[in-house]
Structure formats: C-alpha cells, structure tokens
Amino acid sequence: MTGWRARHYVSALANAPKVARFDQPLRRLEGVATAIGLHRKMLRKPLAGVLHAIIFISFFVLFTATIEAFGSRLFPGFSLALVGGETWIAGLQDFFAVLMLIGVGLALYQRYVLRPARFKGSSGSDAAIIYVLIVLIVGSLLFEAAARILGGADGSWRPVASWLAGLLGRIGVPAQETQEICYWLHVGAILAFLVYIPGSKHRHMFLAAPNIYFRNLEPRGAAPAVPRDRENPGVDKLAEFDWKQQLDLLSCTECGRCQAVCPAYAAGLPLSPKMLITDMRDALAAGPSALPLVGGVISEATLWACTTCRACMEECPVEIEHLPKIIDMRRHLVDEGRVSPGLQDALSNLTRLGNSMGKPSKMRARWTRELGFPVKDARSEPVDVLWFVGDYASYDPRVQEITRKVAELLNAAGVDFGILFDAERNSGNDVRRAGEEGLFETLAQSNIDAIGECTFNRIMTTDPHSLNALKNDYRHFGAAFEVLHYTALLAELIQAGKLDLAPVDGGKVTYHDPCYLGRYNGGFDAPRDLIRAAGYTLHDMPRCRENSFCCGAGGGRIWQSDDGVAERPSENRIREALSLGDIDYFVVACPKDKVMYTAAIDALGVADKLKVLDIAELLVPRPTRDTAPEAAGVDII
Amino acid sequence: MNILVVLRMIPDSAGELQLAEDGRGIDREWLDFQLNDFDDHALEEAILLKEGSGATVTAVAIGEGANRVLQMAAARGADEVIALQTEDDAMISSRTIAATIAATARAKSADLVLCGVQSTEDVFGQLAPYVGALLDWPHVSGTNRVLPDGAGLRVTQERGAGVAVTYEMALPAVLGVQTASKAPRYVSGSKLREASKTPIGRATLEPSGFERSAEIRELRLPTQGGSGEDLGNDAENVADRLVAILAANGLARK
Ligand code: SF4
Ligand code: SF4
C-alpha cells in the first residue's frame, strides 16, 4: 500500500530528464554522514536540532521493537532474546521510549507554544498526525511491556515499564488482554504510519538521505547550464525538470528554515522558498492539470522576487536546490518576452551596449581621467593584474570615487595593472540569474574574447558579481581564469609588505558580507583582515558570513521596481546594524552595496548615526616620499 | 497585407556629441548608434498587425548597426530584412530615405508603410509625409493604435490635451507611429542568436531626384551660458548649494 501511494512519484522520477549525480560516491557519502549523522545544519537551530536528533535516534532504537513485534507473530519462535532482546536491548527500548516522548514533547512545545514564523504555510495536520502516531506507537509499546511484566515477565531491564506495571496492577486490569490490545494498537499504528508517510512531508525519513547524497557538487557559483537536449531554454512543465530537481520536491520537510532566511519573504514579496517547493510538490502529486507551471502553479511575481542570494540553499537541511528551479522558470519567462519594464530596459541596454545603464562603452573608462596617473590598457601591453572593473564601479558617479581609491591603493602598492577600457562588458552574472541565458552567453563570450587578447597573470574584480561569473560561470565556455576580489588582493599585498598602511585609531565598524563574495565564493576573511589592518574594531552583525542577509539587489532585482515591498531588505539590514549600538561605519565590499545601503540609510533618516564606507575607503596608505598624497596629479608610473 | 517598416539608426544621445571639423555636422566616428525609439514602436505595430491578421513584414534598416537591428527585427517576427547600404559617417536626409523607401515599397508590393513619427535627425517628422507624397498614398502621423478593419485599418491618432481621433483608412497607406498599440516586446538572447542566421538582404539608396534647396551653414553645440551652474553630483553638497542659492535670492529662509 505504501508503494502504491508512492507510485506517481516513482513514475515521475523514472521519466524525468537525466542529470549526472552519480560521481564521487565517497564525497557524497561523507556529506550524508555529516548532514544526518552529525545533524550539522539541523543544529544551527539548537532546540529544533536537538529535538530532531532525539526523535531520530529514538526511532532507530525503537525500530528493534518493531522488528520484534512483527517478527514474533509472522515467524513463530522469532525473538531477539539471543542478542539481548530481553536484557540490554529491552533496557535501551525502555529508556528511548521515554526519550522519544520527551522529544515529541519538545516538538509540541516548539510548534504550539513558541510557534516560529518559519512554520507559517507548513502543513499543520501533517505535524499533528505524526505526533499522535508516535505517542500511540511508543505508548502502546510501553504498556504492552508493562502488561507483560504484570503477567509475570522479568522487568529488571525495563524500569519504566515495571513502574507502569505497578500502576496497572493497582487499577487491576487483566494482564493478558491488555498485552494483546496494546500489541495490536502498536502494530496498527505502525502500519498506519507506513501507509501515511508517502503522502506526507514525513517522506523525508526515506528521501532525506538520497537527496543529500545526490546533491550538487559543482562550485556553488556556477549556475546550471541549459541541458543540451532541452528544446527551449526554460522550463514550463514539472516533467521538464531533471529527476534530482523533482526528488527535491518530494524531500522537503516543510521545516521553513529557507523561508526564515529569505530576504524576499522578509520584504513581504510573494516568495517563500518553502512554498515554492511545496506548491510544485503538490502540483506534481496532483498529476497533469490545466494550470501552467510558470504563471500558474508558481506566479511570475514569485519568480521575479528572488535576489538569488542563495541563503535558502545554504540553510536547507536536505540540500534542496531552489535556485536552479527559479532560474529555469525565469528562463522560460524571458524566452517568451514576459519581463517587467525595468528588466526589459536593463536587458535591452545590455544587449545594445553591454551595460545596464545604457551608457556608451566609450565612457566606461572615464573614471580614470581624474586619477593622477595613467591606467594601462591591458589590450595593448602586458600587465600582472587585469582589473575587471564592472558596470557600477565604472559608470556610477557614487561608486567611481571608490574605484579611483582602489586604483590609488594598487598604485601605492606598486601593482602592475591594466583594464580593458571599452572592450569590457557586463560580466553577465545577474543576466544569467535573471534567466537571460542567451544574452549571458553573448556577454561572456565577448569578455572571454577580450580577455583572451591580453597578457596577464591574474584577474582582479571590484564587483563580487563579476568575480562569481568570471570564476565560475565562464568555465562553461572552457575559460579557467585565476580571479580574485580586490579585498583578497589588497590583503595579500599587506601581508607581503607591499602595501604599507597608516592605521588609524578607528572606531567600531560592522561589515556586510556580499552574497556573491561570501556565501558563493567563501571570501569571508580577507575583508575582515583589511578592516582590522586599517585600525578599526570589527563588530559583526548577528547575520554574518554564511548567514549574511542579502541587500536585495542581486539576481536582477536592482533593475526591477520595489512594488509590493513592505520593507526593503537593505533597510532591514541597516536596522540590524543599528541594533549593535555604537557603530560608526557600515563597511561594504561591493559597489552595488554602497548605492543600496546609502539609499537605505537616507530612507531611514539615520545618516547622522551610520555611514556606509567601502573597505577601500578605510585603507590609507602610509605616505612615502614619492607617493605622498600631495603628489597626486603627478605621473608616478 | 504587406507591411514595410523603416528602421533608422540614430546617434546615441547619451554619448558625447562633437562637431565635425567643418562645423556643419556632428562627428559620427566615435558615436554609438541605436535604433530610433519611434521606429521600434513602428516595428512592434507591424508585428502586432501580422499577429492579428497575418501580414508579411519587411524591415528596412538604415545606418550604422543596421545588421544588428535587423536580426532583432527578424527575432521579433519580421519575414524579410533588408539593410540599406549607406556611406558611414554621414547623415542622410529624410527626403533621400523617403525616395528609397517609396521605391522599395513598390518593388515589394507593399500596401502599408510604417515608420516612427520622428527621429532626432528628423525632428519635424518629415519621413512619413514624404513617403506618402512620393507614393501618392494617404498618410497619418502620430498614431498610437492601429487595428486591422476589414480590408483597411482603424487608426487612432493622438492630438493635444488627451484628445484622440480614430480614422478608418483604406490601404495602401503610410503611417508615422508615435507609440505602438502595445509596448515593444523583449526578445531574448537565445532568440537573437537564432535570428543571427537570418539572411540580410541589401539595397542601395535611390537618388531623391530633388534639387538641394538649402544647405547647412553652421551647427552649434549648446554652450554653457553664464546663467547655469553645475552643482556637481555629490548629493550633500548639491543640497547645501541649492539651499544657499535659494536663500541668497530671497526664495527661502534658512
Ligand atoms: S535565493 Fe534568496 S531570495 Fe531567492 S528564494 Fe532563496 S533565500 Fe529567497
Ligand atoms: S526546502 Fe529545505 S529548508 Fe525549506 S522547508 Fe523544505 S526542507 Fe526546509
């Protein structure tokens, strides 16, 4: 019956497009072991993690009782007594039965008393049914043992059951009948549980391990390419998702951890990564219907709300991949030309001019004019570091100052660097994540060609988004560059003694981890090292490093309107920084962040309390004879 | 219905305009060119008509970057695309364009010619009336809605103060499109890539047959008079300066 109830899913998975997830078995197993054995992600929420671990372990111990219950009647003479069924196993069962009840008690307390917001939208009945079934199974187990002891069995390994036997004796229930009733109650509840699982979120008991095993082992920053045998770039039917994407849907535990960290959800936009998964799962269970997937099961507004910050995937304990699904469905919308006016403008500008602002390519390197020294054209002379500047850093007047600051720091450290001038195009990172794969390919190919003409050792980017595209996405075209963020290069220069800073007696600052530098590419430490090297005290916000909260600009969101936003993620973040107390500066390491957070501070009217500074603005090189600031305006190279 | 759409490439106004050496034109060498926005709407209107009533659409593009724009037109649904061979670095007058378009319209047996109502190089909107006159077809400019109506069209034209007029027009006709009935659609990069294989036809400019009636003597860029002041782009300074200026002129009190 259990199998029958799961038949839809089995056939859906069997007919789904293929995807290679069978390589590196050891690494896969290791991941399963840490995720399940150590409950690594689960324990990030201590109460939920501990109670889940209790229920999880108790389940395995009590499974021995299930074996006994079924074995003893199906195969007369079957018993675990030989391996200790009446001694240490009985003791363990007795102990873990109580522990299980404590676990369920904690779960009840969490779900009905604490009621965390992340459960909003999860199935309440699924949760309630499992509590009742567990209590029934464990209760009947204990009472059956108690009745057996009452009937004269040895109770020395079962203190709890013995105590219950005492109670039963005092009430004067007949031992034999009670044992029989409890046995059938126990077996019946287990069977009900088994039948019930495939249609409920408790499927995860069977699917969590395989789903984690078959997780994506590619670099986090590489968006999945469009499979070659797919007819259209996007996905508009559940059946077009490969089997792992579909397995994801079935594995969701409805824990809501993803929803709790989602900036779009927090902003009041109609996107909950949890409901994204469960809505698709329910559609998969319901079978073919008239409702289209994109714009029906999942609304367009939901798809466009995502900033592609990756917080949901980082948080999901069963390694569900939300983003590939969102990107694939966006690809469908883009292919059909269903994009918002703001996005259309940006994408059209990118198609025409290679930048989202609609500025001429020839103005890309304009910021260099106000530098006191010339910047090398990497297309015409070899350089050590090829600097991929990025759109905002090149064109936005508010960010150009920082760009020049970075150039001055490189110059002070004697770095031999150059840029691509008007040959640079937008890296395509967010174009790709907005679902515009074709345009991404055009932009990427153009950059790869331009970079291919240059002689250099390493690439440095200002923008974490460009960093991600050049480092990860461009591999899709066989381009393997050594790419680093300017914070990493500057930290390296300080380490090597090439950049000599004049540290100040700076105040307290906090630092915002950009999604595409931190969560995507692990760049957590270099920015922090720089802040300290500059003489400031770093006070991290509660949501930092892997758990950083997105500014709200990524994945093409910056090109779209704020319609429907109750609270901008950037303002939410500034309030978090303010809650730390006396922080002077909100330090950022992404050009977009300077723009986003300055606007957020203005909107909140707290410009007198907090100021946004890029890390480059904190760093002051020690004046030397030939690079004294007074010398600015003189050619140094 | 056979529709002919005119797509003119114009200098990107976001670029820096500089005068040519003789002072009679702008230096086009360093400029980026883009499709005239109104022509983009004309193209969209043509495609909408095609979708509504099964027309064939021929797009003719003029100027630097014509091929790129024609691929885009093909991706959006144009059946045939033609690039007019022109001298780079020179502005072509609407009169010359009109002569070529009229000839092409005849050659392609077009019964509807659509172009943008104006462009930065045709601010007086002369192209559509010229084409109409050369073909001796009726012409309406400033349209914001065009619908197939039996053998003809229902055309809505925008007038001032929110007034709109609707015409019933017999074909053949020439329309100067202000806005298409629906905003121009987005074409995805993958569709553009596919369309990049579309063969692009070539045509040469027809002489207009007109005598030159006037000549440009001098072109001037707007000069910064003494009345303006650049306050820069630092929000705080700008705000301070603004307040100071308003106060100094007695328009506000601090
Ligand atoms: S990537 Fe970020 S914005 Fe998108 S669904 Fe996940 S948590 Fe929400
Ligand atoms: S997707 Fe993952 S994190 Fe989100 S509710 Fe499901 S199991 Fe929990």
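Bear in mind that the values here come from a model prediction, so they are computed numbers and not experimental data.

(A) Representation of the overall build of chain A within the structure. In terms of helices and strands, chain A carries 27 helices and nine strands. With the C-alpha coordinates aligned to their principal axes, the bounding extent of chain A is approximately 100 × 55 × 45 Å. The buried share among the 637 residues of chain A stands at 55%. Of the roughly 26,600 Å² of accessible surface on chain A, a fraction of 59% belongs to carbon and sulfur atoms. In chain A, which carries 68 positive and 72 negative side-chain charges, the distance between the mean positions of the two groups comes to 3 Å.

(B) Looking closely at unusual backbone geometry. B:L171 connects to B:P172 through a cis peptide bond whose omega is 5 degrees. Checked against the element boundaries, B:P172 lands in the loop between β8 (164–169) and β9 (173–177). Positive phi, close to 50 degrees, is recorded for A:H39, a residue that is not glycine. Secondary-structure assignment places A:H39 in the loop between α3 (25–37) and α4 (46–74). Phi angles above zero are rare outside glycine, and A:R545 is one such case at about 50 degrees. Tracing the sequence through the fold places A:R545 in the loop between β7 (537–538) and α25 (569–578).

(C) Expanded view of a negative patch on the surface. Taken together, the side chains of A:E401, A:D602, B:D234, B:E236 and B:D240 present a region of like negative charge at the surface. Summarising the element assignment, B:D234 is placed in the loop between β10 (201–204) and α6 (235–248).

(D) How the structure looks around a nonpolar patch on the surface. All names here are of chain A. Together, F59, F60, F63, I67, L74, F75, F78, L191, L194, M205 and F206 give the surface a local cluster of nonpolar side chains, amounting to about 1,000 Å² of exposed area. Breaking the nonpolar patch down by element, the ones donating at least two residues are α4, α8 (175–196) and α9 (204–213). Considering each element in turn, the nonpolar patch owes the most residues, five residues, to α4. The residue F78 is located in the loop between α4 and α5 (88–114) in this model. Residue classification places F78 among the partly exposed residues on the basis of a relative accessible area of 31%.

(E) Representation of empty space enclosed by the protein. All names here are of chain B. Taken as a whole, this structure holds eight cavities of 30 Å³ or more when the rule is applied. By volume, the largest cavity amounts to about 200 Å³. Residue lining of the largest cavity: 20 residues in total, with M9, R28, A90, I92 and E121 positioned closest to the centre. For the lining of the largest cavity, the secondary-structure elements that each account for two or more residues are β1 (2–11) and α3 (94–107). Per element, the largest residue contribution to the lining of the largest cavity is three residues, and it comes from β1. Grouping the constituent residues of the lining of the largest cavity by class yields eight nonpolar, four polar and eight charged.

(F) Structural context of the packing of helix α1 (residues 37–53) of chain B against helix α2 (residues 66–76) of chain B. All names here are of chain B. Two numbers describe how α1 lies on α2: the axes approach to 10 Å, and their chain directions differ by 25 degrees. Of the possible angle classes, the one that applies to α1 and α2 is roughly parallel. Considering the relative orientation of α1 and α2, their crossing is right-handed. Taking contact as the criterion, the partners of D40, L43, E44 and I47 in α1 are, on α2, M72, A73 and R76. Taken together, the residues that form the contact of α1 with α2 break down as four nonpolar, no polar and three charged.

(G) Layout of the nonpolar core. A:W387 and A:L410 are the most contacted members of the largest nonpolar core, which totals 126 residues. For this core, the element with the most residues is helix α21 (residues 437–452) of chain A, which contributes seven residues. With near-sequence residues (within four places) excluded, A:L410 lies in contact with A:W387, A:V415, A:F417, A:M460, A:L489, A:L490 and A:L493. Judged by nonpolar contacts, the second largest core, of 39 residues, contains B:L49, B:V57, B:A66 and B:L70.

(H) Just the packing of helix α19 (residues 397–412) of chain A against helix α23 (residues 486–495) of chain A, in detail. Residues and elements named next belong to chain A. Following both chains from N to C, one finds α19 and α23 inclined at 30 degrees, their axes separated by 11 Å at the closest point. The angle between the axes of α19 and α23 places the two elements in the roughly parallel class. α19 and α23 meet at a crossing whose hand is left-handed. From α19, V406, L409 and L410 reach across to α23, where they touch Y486, L489, L490 and L493.

(I) Looking closely at the sheet that holds strand β4 (residues 458–461) of chain A. Residues and elements named next belong to chain A. The sheet built from five strands is open, its strands ordered β1-β3-β2-β4-β5 with parallel pairing. The sheet is open, and its two borders are formed by β1 (376–377) and β5 (483–485), each paired with just one other strand. Two strands pair when backbone bridges link them, and β1 and strand β3 (residues 417–419) are joined in this way by two bridges, in the parallel orientation. Across the sheet, residue K376 finds its bridge partner in β3, namely G418. Docked against the sheet, α19 engages β2 (385–388), β3 and β4, running at close to 175 degrees with respect to β2.

(J) Main features of the domain arrangement of chain A. All names here are of chain A. When the domains of chain A are assigned, the result is domain 1 (23–212), domain 2 (214–335) and domain 3 (344–618). Centre-to-centre, using C-alpha coordinates, domain 2 lies 28 Å away from domain 3. Contacts between the two partners involve 30 residues from domain 2, matched on the other side by 30 residues from domain 3. Sorting the residues of domain 2 by area buried against domain 3 places G221, A267 and T307 first, and these three jointly supply 19% of that buried surface. Across the domain 2-domain 3 interface, the total number found is one salt bridge. Taking the shortest distance from any N to any O, the salt bridge between R331 and E437 comes out at 2.9 Å. If you look at where domain 2 meets domain 3, you find 16 residue pairs in polar contact (both at pLDDT 80 or more). Every element with two or more residues in the side of domain 2 that touches domain 3 is listed here: α12 (263–266), α14 (300–305), α15 (311–315) and α16 (322–335). Its residues placed into classes, the side of domain 2 that touches domain 3 shows 20 nonpolar, four polar and six charged.

Conventions adopted
- Residues numbered from 1 in each chain as written.
- Chains lettered and ligands numbered in written order.
- Predicted model: local features only at pLDDT ≥ 70, side-chain atom pairs only at ≥ 80, totals over all residues.
- Heavy atoms only, no water.
- Helix = DSSP H or I, 4+ residues; strand = E, 2+ residues; numbered from the N terminus.
- Buried < 20%, exposed > 50% of the residue type's maximum accessible area, 1.4 Å probe, protein only.
- Areas by Shrake-Rupley, 256 points an atom, 1.4 Å probe, with all protein chains shown as cover.
- Lys, Arg positive; Asp, Glu negative; His and termini not counted.
- Charge placed at Lys NZ, Arg CZ, Asp CG, Glu CD.
- Patch = residues over 30% accessible without salt bridge, like charges linked within 9 Å, V, L, I, M, F, W, Y side chains within 5 Å.
- Salt bridge = Lys/Arg side-chain N within 4 Å of Asp/Glu carboxyl O.
- 1 Å grid on protein atoms, 1.4 Å probe; cavity = no way out; pocket = protein on both sides within 12 Å on 5 of 7 lines; lining within 4 Å.
- Points joined across faces, edges and corners; volume = space filled by probe spheres on them.
- Nonpolar A, V, L, I, M, F, W, Y, C, P; charged D, E, K, R; others polar.
- Axes fitted to C-alpha atoms, helices over the stretch in contact; angles between N-to-C directions.
- Parallel < 35°, antiparallel > 145°, perpendicular 65-115°, else oblique.
- Left-handed = near helix turned anticlockwise from the far one by under 90°.
- Contact = heavy atoms within 4.5 Å.
- Core = buried A, V, L, I, M, F, W, Y, C linked by side-chain atoms within 4.5 Å.
- Pairing = 2+ DSSP bridges.
- Domains from an automatic or database assignment.
- Buried area = accessible area lost by both parts, 1.4 Å probe.
- Polar contact = N/O pair within 3.5 Å; in protein donor to acceptor, adjacent residues only side chain to side chain.

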